[in-house]
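# Summary of the model geometry
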Amino acid sequence: MVLSQAVRISRQFSLRAVMEAIVQGGPISRASIAKQTGLSKQTISEVMRQLEDEGWVRETGRTSGHIGRTAVTYEIVPSAAYIVAVDLGGTKVRVAVCDLACRVLAEVTEPTHAEGGQAIVTQIARLTGEAAMKGGVARDRLRIAVIGVPGAPQPHSGRVLLAPNIAGFDSMDVATALEGVLGFEVMLENDVNLAVLGESWLGVGQGLDNLAYIALGTGVGSGLMLNGQLVRGATNAAGELGFLPFGADPFEPESLRAGAFERVVASLGIVARYRALAGVDATVPAIFEKANAGEVRAIAVLDETARLLARGVGAIAAMANPDKVILGGSIGSRPELVERVRQVLPACFPYPVAVEASELGAHAALVGATAIGLSHLHNTLFGADAPESRISLPPANAVSMREALR
């Protein structure tokens, strides 16, 4: 029995190694796979036969070898399985269906259901069906959904905590509810964690192992990647920047719900500052328009917002020392704010910090969700986690996915 288990584990590692080689280098020949993995020709032949029979890989042609010889090359079958990537926000929900080549087959977006809870679960299921139909994908080919949520998902209970903009998710098993209506596996992940992963894969963080992403919009949050791995914390609450104990009074009851920092730096705080200065209400986009037109009060509001946001950047830099801090979200990625943060940051932090706007914009979390889905699907189908739990992603397909999301 011990021997049988050892053989099974060995087989899993062989499957994993071969799939890694194909994902990273396809189209690729068996000889190249052997060179990369160190596996015997017999083992590779057996693994390739299994993968072909199960529909995961296919021949793509032949390539010239030494002294005129040719070799059959193989690649992943993109349609072997599909991933549903969801970016759930307080105002909008985006659902995309992607194949194994990281191509976006379809994407749908609509306002987030105001009732929250089960109504949003039903909404995501409906949008998944619409996206699959739009992309010509059969529902039974959908294998996993990765849901980016604005809060701290709890793996054991399925609840989502610290998400004041999504009603009801803190008192229900969101993951189980979604699996019940979708009919396949669901993973919940913090949306800003997905965004930093997306930027590290296809955005302005490519090639960097230490990144921070700050999303500023209806709320504020951050995702952190250190040594190439997401930092989640003990209860998936790492990076809940809105609860930094400064800005508003952290001891006020409202600060326990929305966060002291979020209350002043996010959209409601920006609107409140303008109202206090101008005596009239204006939306955040209108405030930016007024500032760009030279209105003094609107300029003062953006200046103060930048000073507050610079404090958040400084807090992250002091704790994590990232190579780069990426600003995203509907407010955070605006060039007027990014440039202001760059200007004021040296006045409150002692060493240089690279600050850039998100390159992927509203799609950053969807890209990260696809990355998580690909990695998890790979782990589930072909063996244990990759070494050091790093996420293995296909570099050759990065451009095609980025173009599809534009």
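Up top is the structure.
Everything numeric here is computed off the predicted structure, so don't read it as measured data.

The rules behind each value
- Residues numbered from 1 in each chain as written.
- Predicted model: local features only at pLDDT ≥ 70, side-chain atom pairs only at ≥ 80, totals over all residues.
- Heavy atoms only, no water.
- Helix = DSSP H or I, 4+ residues; strand = E, 2+ residues; numbered from the N terminus.
- Buried < 20%, exposed > 50% of the residue type's maximum accessible area, 1.4 Å probe, protein only.
- Contact = heavy atoms within 4.5 Å.
- Salt bridge = Lys/Arg side-chain N within 4 Å of Asp/Glu carboxyl O.
- Pairing = 2+ DSSP bridges.
- Axes fitted to C-alpha atoms, helices over the stretch in contact; angles between N-to-C directions.

### Some points on the environment of Ala-106
Note on placement: Ala-106 falls in strand β6 (residues 104-111). Taking the relative accessible area as the measure of exposure, Ala-106 reaches 5% and is therefore buried. Ala-106 sits 24 residues away from Glu-130 along the chain, and the two C-alpha atoms are 8.9 Å apart. Those residues in contact with Ala-106 that sit more than four places away from it in its chain are Val-95, Ala-96, Val-97, Ala-131, Lys-134 and Gly-135.

### Looking at the pattern of salt bridges
Pairing of side chains with opposite charge becomes possible as their charged atoms draw close. Tallied over the full model, the rule gives 15 salt bridges. With a closest N to O distance of 3.5 Å, Glu-107 and Arg-94 form a salt bridge. Placement of Glu-107 in strand β6 and of Arg-94 in strand β5 (residues 92-99) is noted, with a sequence separation of 13 residues between them. Across the salt bridge formed by Glu-110 and Arg-126, the nearest N and O atoms sit 2.4 Å from each other. One end of the pair, Glu-110, is in strand β6; the other, Arg-126, is in helix α4 (residues 117-134), with 16 residues separating them in the sequence.

### Observations concerning the pairing of strand β11 (residues 211-216)
Counted residue by residue, β11 has six buried out of six residues, so it is predominantly covered. Going residue by residue along β11, you find Leu-211, Tyr-213 and Ala-215 tucked away on one face and Ala-212, Ile-214 and Leu-216 tucked away on the opposite face as well. Alignment of β11 against strand β12 (residues 220-226), held across six bridges, turns out to be antiparallel. Residue Ile-214 lies in a different strand from β12, and its bridge partner there is Ser-222. Count of turn residues in the β11/β12 antiparallel hairpin: three residues. Sheet analysis places β11 next to strand β14 (residues 324-328), joined by five bridges and oriented parallel. The residue bridging Ala-215 from the neighbouring strand is Gly-328, located in β14.

### Some thoughts on the sheet that holds strand β15 (residues 355-357)
What the five strands build is an open sheet, ordered β13-β12-β11-β14-β15; its pairing is mixed. Of all the strands in the sheet, the pair left with one neighbour each is β13 (229-230) and β15. Sheet strands touched by helix α6 (residues 191-202): β11, β12, β13 and β14. Its angle to β12, the strand with the most contacts, is close to 50 degrees. Most of the contacts of helix α13 (residues 335-344) go to β15, to which it runs at about 180 degrees, and overall it touches β11, β14 and β15.

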